[in-house]
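Descriptive structure summary
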Amino acid sequence: TSGPLSSDHTPNMAPAMRMLSTRAMAKEVTVIGFKDKGFRTKQSSTTKRAQLLSRVEELRLLTKAEQAGLLTLAENFGLSLGKIEKLGLLSKAEDLGLIAAASDPGTPGALSAAGLALLALGPAAVYLLPDDSATLVAVQVAVAALCAGGGAAALGASALLGDLQSKKA
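Residues numbered from 1 in each chain as written. Predicted model: local features only at pLDDT ≥ 70, side-chain atom pairs only at ≥ 80, totals over all residues. Heavy atoms only, no water.

Attention now goes to the overall build of the chain. Assigned secondary structure in the chain consists of 9 helices and 2 strands. Along the chain, helices and strands appear, N-terminal first, in the series α-β-β-α-α-α-α-α-α-α-α. Here the chain holds 169 residues, and 17% of them are scored as buried. The contacts of the chain with a sequence gap of at least 6 include a subset with a gap of at least 24, amounting to 51%. For the chain, the accessible surface area stands at approximately 12,500 Å², while carbon and sulfur atoms represent 65% of it. (Helix = DSSP H or I, 4+ residues; strand = E, 2+ residues; numbered from the N terminus. Buried < 20%, exposed > 50% of the residue type's maximum accessible area, 1.4 Å probe, protein only. Contact = heavy atoms within 4.5 Å. Areas by Shrake-Rupley, 256 points an atom, 1.4 Å probe, with all protein chains shown as cover.)

The first and last C-alpha atoms of helix 8 (residues 107-128) sit 30 Å apart over 22 residues, in line with the 32 Å expected at 1.5 Å per residue. Every buried residue of helix 8 is accounted for by Thr107, Pro108, Gly115, Gly122 and Ala125. Residues of helix 8 that are buried in the fold lie against helix 7 (98-103) and helix 9 (134-165). (Expected span 1.5 Å × (residues − 1).)

Take a nonpolar patch on the surface next. Taken together, Leu70, Leu73 and Phe77 make up a surface patch of nonpolar side chains, about 350 Å² in accessible area. You can see Phe77 is positioned in the loop between helix 4 (70-76) and helix 5 (81-87). (Patch = residues over 30% accessible without salt bridge, like charges linked within 9 Å, V, L, I, M, F, W, Y side chains within 5 Å. Salt bridge = Lys/Arg side-chain N within 4 Å of Asp/Glu carboxyl O.)

So, about helix 9. Over its 32 residues, helix 9 extends 46 Å from the first C-alpha to the last, a length consistent with the 46 Å expected when each residue adds 1.5 Å. Within the sequence span of helix 9, burial applies to Gln140, Cys147, Gly151, Ala154, Ser158, Leu161 and Leu164.

Turning to the confidence of the model for the chain, a few remarks are in order. On average, residues of the chain carry a pLDDT of 75, and 68% of them reach 70 or more. The low-confidence segment residues 1-27 (pLDDT under 50) makes 22 contacts with residues lying over four places distant or belonging to another chain. (pLDDT = per-residue confidence, 0-100.)

Turning to the side chain of Ser158, a few remarks are in order. Residue placement: Ser158 occurs in helix 9. Within the structure, Ser158 has its side chain in polar contact with the backbone oxygen of Pro108 (distance 2.7 Å). When near neighbours in sequence (up to four residues on either side) are disregarded, Ser158 contacts Pro108, Leu111 and Ser112. (Polar contact = N/O pair within 3.5 Å; in protein donor to acceptor, adjacent residues only side chain to side chain.)

This next bit is on the packing of helix 8 against helix 9. Between helix 8 and helix 9, whose axes approach to 7 Å, the crossing angle comes to 165°. In terms of axis orientation, helix 8 runs roughly antiparallel to helix 9. Crossing of helix 8 over helix 9 shows left-handed handedness. Among the residues forming the contact of helix 8 with helix 9, the class breakdown is 17 nonpolar, 10 polar and no charged. (Axes fitted to C-alpha atoms, helices over the stretch in contact; angles between N-to-C directions. Parallel < 35°, antiparallel > 145°, perpendicular 65-115°, else oblique. Left-handed = near helix turned anticlockwise from the far one by under 90°. Nonpolar A, V, L, I, M, F, W, Y, C, P; charged D, E, K, R; others polar.)

Looking at where Gln140 falls in the secondary structure, it is placed in helix 9. The exposure class of Gln140 is buried, given its relative accessible area of 8%. For Gln140, the contacting residues outside a window of four places in its chain are Ala125, Val126, Leu129, Pro130 and Asp131.

This is the structure:
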């Protein structure tokens, strides 16, 4: 190959740049740390995804989902594996970056923050929205219910991802 990081161009580069380009070709990135003022190698996202799947297997989550009857419950609500395939939900999840987000170490914290914000927004909406009519009271109830459900779901997802990403057994 004759790209800017190919071996044809590395002899003309400074030694630090040569090391950086060699690392880049190996799908690893050399990062200069601010605190330790040294070099460290960052893991590729493929390794993180493999660790996440290994952790799913280690926790036996698929067995637990099967024993809890989650697939039957989903099918009762009209969400079968065939329907997931027809709707293209798996490819949409990949396109939206949900798989990469699940392996990102910052995702559990972001989900926790979003969950707490939603749980605070529900009561704030009830307090701030006037209750002069039945329509406004219905809006208060709807906003509070959506915020409570979304906040609980975000905190639950945060806890699940945190457990999946933890390295302890």
